[in-house]
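Summary of the model geometry
For reference, the chains in residue letters:
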Amino acid sequence: MTKNKSIFKLIMENFLQQNFKNKRVIVRVDFNVPLDNDFKITDFTRIEFSKKTIEEIINRGGKCVLLSHMGRPNGRELKYSLSHILNSVEEILGVPVKFCNVCIGNEAIEAVDSLKEGEVILMENVRFYPEETKGDIDFARQLSKLGDYFVNDAFGSAHRAHSSTTIITDFFKERKFIGMLLDREIKSIDRVLKNGKKPITAIIGGAKVSSKITVIENLLDRIDYLIIGGGMVYTFIKAEGGEIGDSICEDDFCEYSIKISELAKKKGVKLLLPEDVVIGNEFSGKAKINLSSVYKIPPGWQGLDAGPDSIKTFAQIIQKSNTILWNGPIGVFELEPFSNGTRKLGEEIVKRTKKGAFSLVGGGDSVSAVKKFGISNGISYISTGGGAMLEYLEGKKLPGIVALT
Ligand code: AMP
């Protein structure tokens, strides 16, 4: 690990010292941003976070060639065209950005070659080419013709061995770098996994325990407190013999949840589940609501949020933690009657962060939650990569990162 860290540092130093003057620099960004029905971006974070990397290149006279994917198009589906985001990219970067509606071939090469020092071009969605997700080497070779250097700043795609994220690096040997966003992501997660100041608390929520198994197992060696919230709670409770009414439950994972509780005990990790929960008689914003012990939910009712006593207990843990990782909402925060737990928990994390704790929020839904509640500025770092972050937390090596080292 230390070896890897020093390699990262070296690559970053190398990037920052590189003379990009008049050179073409491909930056694989992750501009896979959410769009509304009018193709307007609803969350600019990924573009904003890559700005520094792009500025480093253009401020030193480089010609910046942006490659990205958007969605999962089936061939050239124009609703996934990156042209929809061009104006926003220009606005955020504060410079004019050209657009090229192909990624490979003469037209693409000519478009890139016509760039002047310090100019930026956004290439069309790399996934318009089915070769991209297959990790096709010939496609990667053709992409590589667009640049003298390659920078990977697409943390959100770093867990994919695709042509533009991983395979392309074969053509750049000593001329490939880690972008500043990717570097910051890795440092932030390592700050929890490898050098977090104790006590370290992980809050794992979301709908299902099955999707978080490896993450939880890997975290148990590193953390002091594990708060389990959201729908996965009820698999644990049922395994303990509790009555969970109609709450979401993965029966196949009851045994596993017992194993997790035992493992936590063995490793000295205090595992907390909610004691009281807000229940609803249906999964809807119009549901009748009530409070219940998590062990005694009546038939016809389901647990949909953490109750006030649970939040109080979780808050006490958060207020004594120096490192906090949060992945997954602890209730159905999208529905107003069940949003309180997730909102309060977020506010507690912000409060503790103000007092010096390091907090990291990652995973699509918890990120949406902190944004919805307007508290994202109070979190130390918000990850831009859902799947990539989860895989990194699981202890997996991400191909896009391995390829750079
Ligand atoms: P995940 O993608 O696994 O992180 O799950 C996120 C989703 O879990 C969110 O959309 C939440 O609404 C949902 N969720 C949270 N708590 C519950 C619950 N008690 N029952 C059902 N779904 C929940």
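Coordinates for the structure precede this section.
Scope of this entry: the structure provided in the associated data block. Bear in mind that the values here come from a model prediction, so they are computed numbers and not experimental data. (Residues numbered from 1 in each chain as written. Predicted model: local features only at pLDDT ≥ 70, side-chain atom pairs only at ≥ 80, totals over all residues. Heavy atoms only, no water.)

A few words on the packing of aromatic side chains. Aromatic ring pairs: the centre-centre distance and the angle between the two ring planes describe each pair. The final tally for this structure, using the stated rule, is 10 aromatic pairs. Ring plane angle 85° and centroid distance 5.2 Å describe the contact between F20 and Y149, whose orientation is recorded as edge-to-face. Taken together, the positions of F20 in the loop between α1 (2-17) and β1 (24-28) and Y149 in strand β5 (residues 149-152) put the pair 129 residues apart, joining distant regions of the chain. Taken individually, F20 and Y149 each receive the classification buried, so the pair is uniform in this respect. Taken together, a centroid distance of 6.4 Å and an interplanar angle of 75° make the contact between F333 and F373 edge-to-face. Of this pair, F333 sits in the loop between β15 (323-327) and α12 (340-354) while F373 sits in the loop between α13 (364-372) and β17 (381-382), and the two are 40 residues apart along the sequence. Of the two residues, F333 and F373, neither departs from the other in class, the shared state being buried. In textbook terms, an aromatic cluster arises when at least three aromatic residues are bridged by ring pairs, as seen for F15, F20, Y149 and F177. (Phe/Tyr/Trp six-rings, centres within 6.5 Å; stacked < 30°, edge-to-face > 60°. Helix = DSSP H or I, 4+ residues; strand = E, 2+ residues; numbered from the N terminus. Buried < 20%, exposed > 50% of the residue type's maximum accessible area, 1.4 Å probe, protein only.)

So, on to the side chain of T166. Its place among the elements puts T166 in the loop between β5 and β6 (176-178). Judged by relative accessible area, T166 falls into the buried class, the value being 10%. A distance of 3.1 Å separates a polar atom in the side chain of T166 from a polar atom in the side chain of T165. With sequence-adjacent residues up to four places away left out, T166 is seen in contact with R160, A161, P399, G400 and A403. (Polar contact = N/O pair within 3.5 Å; in protein donor to acceptor, adjacent residues only side chain to side chain. Contact = heavy atoms within 4.5 Å.)

Once that is clear, we can look at the sheet that holds strand β12 (residues 289-293). The strand order across the open sheet formed by three strands is β12-β11-β14, and the pairing between neighbours is antiparallel. With one partner strand each, in any of the chains shown, β12 and β14 (302-306) form the two edges of the open sheet. For this sheet, the mean inter-axis angle between neighbouring strands, taken without regard to orientation, is 45°. Examined bridge by bridge, strand β11 (residues 276-280) and β14 share four bridges and lie antiparallel to one another. Its bridge partner lying in β14, V277 is registered against A306. Packed on one face of the sheet, helix α11 (residues 308-318) meets β11, β12 and β14 and runs near 40° to β14. (Pairing = 2+ DSSP bridges. Axes fitted to C-alpha atoms, helices over the stretch in contact; angles between N-to-C directions.)

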